[in-house]
Amino acid sequence: RRRNDILIVNCSLFNPTPSLSAMIVNKYKLRSDVRTYNLSGMGCSAGLISIDLARDLLQVHGSANALVVSTENVTQNWYLGTEKSMLITNTLFRMGGAAVLLTNKTASRWKPKYELLHTVRTHSGNNDQAYDSVFQMEDAKGVRGVKLSKNIMDVAGEALKRNVTTLAPFVFPLHVHFFFAIYLFRRKVLKQKLPPFVPDFHLAFKHFCIHTGGRAVIDVFENALNLTKEDVEPSRFALQRFGNTSSASVWYELEFIERAGRMRKGNRIWQIAFGSGFKCNSAVWKCLSSIEGTGTDY
């Protein structure tokens, strides 16, 4: 507790006063000079936003530790009405939480399990359809809940495309960029009708932690990115076992990969999540040491 310099807490729908970060400071009697941040209303991708914020802060503050706590409380937002588009959240979302400790201390360079390589954030809030796709509101009878629009998968697909386009130059080998340049030349200059260019994502990543937004979301990722059943198994397991734990879900999936004994030194992991607004955020990690599996019966 005395070694924690930065505390970031994200919870989208539960925003009490004092804040959740203040509660943690009080509960664990953290130092009076700890820098605290409380993120709210940013949806299921807020966990990766918190990681991005922690990274920025650690680049400014030397020799520091940053604790990121991602959680969600659905109790106060349980929908008691009859509107079908707002009842979906009752069956999908579950309470959950995860905590991650990041550091830039030289003395601790041998302790971390992972190194953060890249973070990419894309926001589609300037599009009305995307902005309205996940919306907290009252129904016709005045009952408050969260509405999921019918076009949310189209919105998610476009947000994914933007995020991957931004991330690709940082993670794919040179020959993939060469093939993509040829593809653009044929399509833009020669005016050839070609299917969308989909690179082999296994050239960039070994493991995939896809936000458990629902079975349809995982299916879209599997089909659009040409992933295997094993690639999306962590996401399907986390959804079946724990439900949609919102911003914490990508950490549940990372735990599954570790427990399954699949994580090896040098492996690169892609975490990606969607959030209201509409946002699509990514984080890329590199495993620094092999992790022995303990079994997935938990």
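Residues numbered from 1 in each chain as written. Predicted model: local features only at pLDDT ≥ 70, side-chain atom pairs only at ≥ 80, totals over all residues. Heavy atoms only, no water.

Q: Could you give an account of the sheet that holds strand β1 (residues 6-10), naming the residues involved and the relevant values?
A: Spatially, the 4 strands line up as an open sheet ordered β2-β1-β3-β4, and their pairing is mixed. At either margin of the open sheet sits one strand with a lone partner, and together these are β2 (35-39) and β4 (96-103). On average, adjacent strands in this sheet sit at an angle of 10 degrees to one another, irrespective of strand direction. Contacts from helix α1 (residues 20-28) reach β1, β2 and β3 (65-72) within the one sheet, and its direction differs from that of β1 by about 130 degrees. (Pairing = 2+ DSSP bridges. Helix = DSSP H or I, 4+ residues; strand = E, 2+ residues; numbered from the N terminus. Axes fitted to C-alpha atoms, helices over the stretch in contact; angles between N-to-C directions. Contact = heavy atoms within 4.5 Å.)

Q: Can you lay out the packing of aromatic side chains for me, pointing to particular residues and giving the numbers?
A: Going through the model one piece at a time under the given rule, you end up with 18 aromatic pairs. Its guanidinium or amino end placed over the ring of Tyr298, Arg259 lies 4.1 Å from that ring's centre, counting from NZ or CZ. (Phe/Tyr/Trp six-rings, centres within 6.5 Å; stacked < 30°, edge-to-face > 60°. Lys NZ or Arg CZ within 6 Å of the ring centre and 35° of its normal.)

Q: So what's going on with the sheet that holds strand β10 (residues 279-287)? Residues and values would help.
A: Ordered by their spatial adjacency, 4 strands build an open sheet running β5-β10-β9-β8, and the pairing between neighbours is mixed. Strands at the two margins of the open sheet, each flanked by one partner only, are β5 (114-123) and β8 (207-210). Direction aside, the axes of adjacent strands within the sheet are offset by 15 degrees on average. Across 4 bridges, the pairing between β8 and strand β9 (residues 268-275) is parallel. For Ile210, the partnering residue across the bridge sits in β9 and is Ile272. Running at roughly 150 degrees to β8, helix α9 (residues 249-259) makes contact with β5, β8, β9 and β10 of the sheet.

Q: For the confidence of the model for the chain, give the residues involved together with the corresponding values.
A: Atom-level detail of predicted coordinates should not be read off regions where pLDDT is low. In the predicted model, the chain carries a mean pLDDT of 92, and 99% of its residues have values of at least 70. Of all secondary-structure elements in the chain, the lowest mean pLDDT belongs to helix α3 (residues 84-92), at 86, while β1 reaches the highest, 97. (pLDDT = per-residue confidence, 0-100.)

Q: Could you give me a rundown of unusual backbone geometry, with the residues and numbers involved?
A: Looking along the chain, the bond that leaves Thr17 and enters Pro18 is cis, with omega of 0 degrees. Checked against the element boundaries, Pro18 lands in the loop between β1 and α1. The residue after Gly277, namely Phe278, is reached through a cis peptide bond having omega 15 degrees. Mapped onto the elements of the fold, Phe278 is located in the loop between β9 and β10.

Q: Now, about the pattern of salt bridges: what can you tell me, with residues and values included?
A: Side chains bearing opposite charge may pair, as long as their charged atoms lie close to each other. Per the counting criterion, the structure on display carries 10 salt bridges. We note a salt bridge from Asp5 to Arg31, for which the minimum N-O separation is 2.9 Å. Of this pair, Asp5 sits in the segment before β1 while Arg31 sits in the loop between α1 and β2; the two residues are 26 residues apart in sequence, bridging distant segments of the chain. According to the relative accessible area criterion, Arg31 is partly exposed, its value standing at 25%. Note that Arg121 is salt-bridged to Asp52, the shortest N-O span being 3.1 Å. Note that Arg121 is positioned in strand β5 and Asp52 in helix α2 (residues 46-60), a separation of 69 residues in sequence. Since its relative accessible area comes to 44%, Arg121 is described here as partly exposed. (Salt bridge = Lys/Arg side-chain N within 4 Å of Asp/Glu carboxyl O. Buried < 20%, exposed > 50% of the residue type's maximum accessible area, 1.4 Å probe, protein only.)

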